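If you want the building blocks of each chain, they are given just below.
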Amino acid sequence: MSTTAASAVAHPPTGASGPSTSSTGELVALVEDDPTTRKLVRAWLEGAGYVVAEYDSARAVREGLGPDTSVACIDLHLGESSGFDVMGYLRERDPELPTIVVTADGEVQTAVAAMRAGAYDYLTKPIDRDCLLLSVHRACERRRLVDRVKNLQTALGGGRLFESIVGSSPAMRELSQQVDRVLESDVAVCLLGESGTGKELVARAIHQGGPRKSGPFVAINCAAIPASLQESELFGHERGAFTGATQTRLGCFERARGGTLLLDEVGEMSPAVQAVLLRTLQERTVRRVGGNQEIPTDVRIVCATHRDLRSEVDAGRFREDLYFRLVVYPIRLPALRDRVEDIPPLIAHFLEKLRSRGQHSVRHVAPDALEALSRHGWPGNVRELENVVHRCVLAARSDLIEIADLPPDLRSSGEPASGPVVLRDASETDEDTVVPLRELEERAIKKALRVTRGSVGRAAKLLGIGRATLYRRIAEIDVPLSMRENAS
Amino acid sequence: MTESVRPEPDVSVPPLLSVPPAAPTLNRTRLEAIARDASPEFLIELAQLFTKDVEERIRLLAGIVSARDVTATAYAAHGVQSAATSLGVTRLRLLAASLEKHAEGEDWRRVEVALERIQSEFSHVKELLEAMREGR
C-alpha cells in the first residue's frame, strides 16, 4: 500500500477562536487509515499553516517518511498494523521526534501504554480541533528546542572540531587563517580539494564558527543524487508535482533556514538545476517543484567540489554566472601527501577517537609502520588514512601497531627502529617535546575536573570516557583534594 | 437538515450493547463546528468522502461477518466507527462499536442484528447528508 493522496483541501479557519497555534510550515506526518479523519485533520493543520504528509499504514511510513518531519500524529488503530509499531519504528529512526497518538474514546489504558512507550501526547476521537492544534504546536516547539540544543552543543564543540582537522603543517595553518576570515560574513565560500580532504568538516567549522551556528547545517551531495531528483532535493516539491510525489516535501533550502547549506560536489549539478539555483540565489526565494508560492530563503551557501570549476565553465559544463555567485571566496584544501607532517597527529587523533568508543587500547605505532604510512601517497587523503588506522587497530595484537598490521600494499617501505613512537596530539605546539601519554592523560583529567569543579559525571563526559573509568584513573593519579570534592 | 422519525427496532431481536434508543443520527454541533472551522463547502466534501468510504466498508463488513472472522470483523467495524466519529454520525458510530464488541465476544446473532441496523442506519444517514448537500 502506498502513501495516500486524498484531495488537497486547505481552508484557513474563519473566525476560529482558541490558542495561538499557527505554524511557519513545519511538516506533520499524519498516520491514519481512515480517509474521513485524514481529510478533516489535514484541513485543520493546513489551515494553521502546517505542511501535512499523509500515511495510511505502518508500511507507508517506513517507505515514505521524510527526514524533515517535525511531529508525527499517529492513530493507534491502523488496521492490520498497530500504531505502536509505527511508534517503535520512529523511535529507532529519530528518537527526538515527538509523537501524538490518537485513540478511540474510552481507551484510557491504551493511551497510558502509548505514553509509557514514549508518546509526547495523546488525543481521543472525536478529535477536537483546538486540542489537536495546541498539541501539535507544543510538540513542534519541543522539537525546535531539542534541535536548538543539539545545534548549540555541536557549536560548543566547534573549536575542537576545527582542531581535529588542522594539523601543524604550514598548509593547514594557512587554511585555518582563511577560514577565520570568512566566519563572520555570509560570503559565498567554495571549498576546493580532492576527495577525502575534509571539505565537509571545514564547511561545518565555517558554520559553527559563525553567527548561524545555532541554526541547522544541511549538506547535500549533488554527485550522489540523480539529475532528475536534484531539483526536488534542493527546492522541495508539492504533493502531486510528479509521479511518485505522494507527499509535500521540504527541500534543502527550506530545511537549512537560518543556518548553512553545503552544496557538496556542486560541479555535478545538472544544467537545468544550475539555472534554478541561480534564480534562487538571485531572488533569495525558493519555489517548490510543482508549486507557485515564492518562499523566502535565509541560508548561508558553502559549496565544495573536487573539480576545477573554472575549467568546467570554460568547457561549457558549468554556468559562468552561477560560478561567480558561488565562488566569491575559494579555499583550497591541501592533499594529505602535501602535509605528511600531519600524519602522526592525525593517526593519534583517530586512535583516540576509536579508543573513546571503547573499541581498542592501541596507543603506539612502531617506527617502521609510521615510516610506511608517511611514505604512502594517500590518494583517498584523510578519509583513507582513517580507514587504514581502523584496519590496523583491528589487526593489532597489543597496544602497538606494527608493520605487519598494515594493509599489504602499505608495508613495503618501513625501516626497523629502536622503540615505539609516542604519537603527539594535534594540539601540541612544541614539535620536539614528546609527552608521555600517561602524563597527557593526567593533565586532561585534572583539567576536566578543574573546569567542571570536580563533577566526575561532567568531567567523564568531556573526556569521552565512562564515570567508572574516570574514578579508576583518579584513584591512580595524584589529584589535589580541592579538585576531588565531588569525586569522592 | 431534517431527521425523519425512525421506526422502533424489532423487539424480537436481542438488544445491542451501548446503543441507546434515543441516540441521534447526526451530531449537529460537530457538523456545525466543522463547517465553521473550515467552510460549509469543505463539510460537504467531507460528507461525500464519508459516504463513499463507509458504503464500501459496510459492503466489506457484510462479507466478513458471513465468514465469521472475529479479527477482521472487529477491524472492519472499527473502521466504520472511526469515520462516523470524525464526522459526528452518532448512531452509526454506536452501532459499529456495538458490532465490534459483539464480534469480539463471538456473539454472531447480535453481530448480524447490528449489521442489519448499520445498513439501515447508513441508508438514512446517506439521505440526510444528501439533503444537506442540496441545502434541503
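Residues numbered from 1 in each chain as written. Chains lettered and ligands numbered in written order. Predicted model: local features only at pLDDT ≥ 70, side-chain atom pairs only at ≥ 80, totals over all residues.

## Here's the deal with the overall build of chain A
Then, in step 1: From N to C terminus, chain A includes 19 helices and 17 strands.
Then, in step 2: Across the 488 residues in chain A, those meeting the buried criterion constitute 40%.
Then, in step 3: Pairs at least 24 residues apart make up 74% of the contacts formed inside chain A by residues separated by at least 6 positions. (Helix = DSSP H or I, 4+ residues; strand = E, 2+ residues; numbered from the N terminus. Buried ≥ 20, exposed ≤ 12 C-beta atoms within 10 Å, placed from the backbone. Contact = placed C-beta atoms within 7 Å.)

## Topic: the overall build of chain B
Then, in step 1: Summing up its helical and strand segments, chain B has five helices and zero strands in all.
Then, in step 2: Seen in sequence order, chain B has helices and strands lined up from the N terminus as α-α-α-α-α.
Then, in step 3: Within chain B, buried positions represent 40% of all 136 residues.
Then, in step 4: Restricting to contacts in chain B with at least 6 residues of sequence separation, those with at least 24 account for 65%.

## A few points about the sheet that holds strand E14 (residues 329–332) of chain A
Residue and element names in this part refer to chain A.
Then, in step 1: The strand order across the open sheet built from five strands is E9-E10-E13-E8-E14, with neighbouring strands paired in parallel fashion. Two strands bound the open sheet, and with one partner strand each, they are strand E9 (217–221) and E14. For this sheet, the mean inter-axis angle between neighbouring strands, taken without regard to orientation, is 20°.
Then, in step 2: Bridge analysis of strand E8 (residues 189–192) against E14 gives four bridges, and the strand direction is parallel. Bridged to Val189 within E14 is Tyr329. (Pairing = 2+ DSSP bridges. Axes fitted to C-alpha atoms, helices over the stretch in contact; angles between N-to-C directions.)

## Points about the environment of Glu112(B)
Residues and elements named next belong to chain B.
Then, in step 1: Note on placement: Glu112 falls in helix H5 (residues 108–133).
Then, in step 2: In this structure Glu112 comes out as partly exposed when scored by C-beta crowding, with 16 C-beta atoms within 10 Å.
Then, in step 3: Sequence spacing of Glu112 and His102 is ten residues, and the spatial spacing of their C-alpha atoms is 9.4 Å.

## Quick word on the sheet that holds strand E7 (residues 121–124) of chain A
All names here are of chain A.
Then, in step 1: Sheet architecture is open: five strands sit in the order E2-E1-E3-E6-E7, paired in parallel fashion. Each end of this open sheet is capped by a strand with a single partner; those strands are strand E2 (51–55) and E7. Taken pair by pair, the neighbouring strands of this sheet meet at an average axis angle of 20°, ignoring direction.
Then, in step 2: Where strand E6 (residues 99–103) meets E7, four bridges bridge the pair, whose relative direction is parallel. By the bridge assignment, Ile100 is partnered in E7 with Asp121.

## Observations concerning helix H11 (residues 271–283) of chain A
All names here are of chain A.
Then, in step 1: Spanning 13 residues, H11 covers 19 Å between terminal C-alpha atoms, matching the ideal 18 Å at 1.5 Å per step.
Then, in step 2: For H11, every residue scored as buried is listed here: Val273, Leu277 and Thr280. The arc enclosing the buried residues of H11, seen along the axis, measures out at 60°, which places them on a common side. Every exposed residue of H11 that faces more than 90 degrees away from the buried side is listed here: Pro271, Ala272, Gln282 and Glu283.
Then, in step 3: Where the residues of H11 are buried, they touch helix H9 (227–235), helix H10 (252–255), strand E11 (285–286) and helix H13 (320–326). (Expected span 1.5 Å × (residues − 1). Arc of directions from axis to C-beta.)

## Examining the interface of chain B and chain A
Then, in step 1: Facing the 20 residues of chain B at the interface are 19 residues of chain A.
Then, in step 2: Looking at the side of chain B that touches chain A, the elements that each hand over two or more residues are helix H1 (28–37), helix H2 (40–66) and helix H3 (70–87) of chain B.
Then, in step 3: No other element matches H3(B), which puts eight residues into the side of chain B that touches chain A.
Then, in step 4: Class assignment for the residues of the side of chain B that touches chain A results in nine nonpolar, seven polar and four charged. (Nonpolar A, V, L, I, M, F, W, Y, C, P; charged D, E, K, R; others polar.)

## A look at the confidence of the model for chain A
Residues and elements named next belong to chain A.
Then, in step 1: Averaged over all residues, the pLDDT of chain A is 81; the fraction at 70 or higher stands at 84%.
Then, in step 2: The model gives residues 1–19 a pLDDT under 50, and that stretch makes 48 contacts with residues more than four places away or in other chains.
Then, in step 3: Segment residues 413–431 is flagged for pLDDT under 50; beyond a separation of four residues in sequence, or across chains, it makes 44 contacts in the model. (pLDDT = per-residue confidence, 0-100.)

## Details of unusual backbone geometry
Then, in step 1: Between Lys125(A) and the following residue, Pro126(A), the backbone shows a cis peptide bond with an omega angle of 0°.
Then, in step 2: The residue Pro126(A) is located in the loop between E7 and helix H5 (129–156) in this model.
Then, in step 3: One non-glycine residue, Asn381(A), adopts positive backbone phi at about 60°.
Then, in step 4: Residue position: Asn381(A) is located in helix H16 (residues 381–395).
Then, in step 5: You can call Asn381(A) buried: it has 20 C-beta atoms within 10 Å.
Then, in step 6: Its identity as a non-glycine residue notwithstanding, Arg68(B) has a phi of 60°, on the positive side.
Then, in step 7: Assignment of secondary structure puts Arg68(B) in the loop between H2 and H3.

## Notes on H9(A)
All names here are of chain A.
Then, in step 1: Buried within H9 we find Gln230, Glu231, Ser232, Leu234 and Phe235.
Then, in step 2: Against the buried residues of H9 lie E9, H10, H11 and E11.
Then, in step 3: Just downstream of H9 lies Gly236, where phi reads positive at about 80°.

## A few points about the nonpolar core
Then, in step 1: Ranked by size, the top nonpolar core spans 79 residues in total, and within it Val28(A), Val31(A), Cys73(A), Val136(A), Val80(B) and Ile118(B) carry the most contacts.
Then, in step 2: Ranked by residue count, the leading element in this core is H2(B), at nine residues.
Then, in step 3: Leave out the neighbours within four places in its chain, and Val31(A) touches Tyr55(A), Val61(A), Ala72(A), Cys73(A), Ile74(A), Asp75(A), Leu78(A), Gly83(A) and Val86(A).
Then, in step 4: Val202(A), Ala256(A), Val299(A) and Ala304(A) belong to the second largest nonpolar core, which has 38 residues in total. (Core = buried A, V, L, I, M, F, W, Y, C linked by C-beta atoms within 7 Å.)

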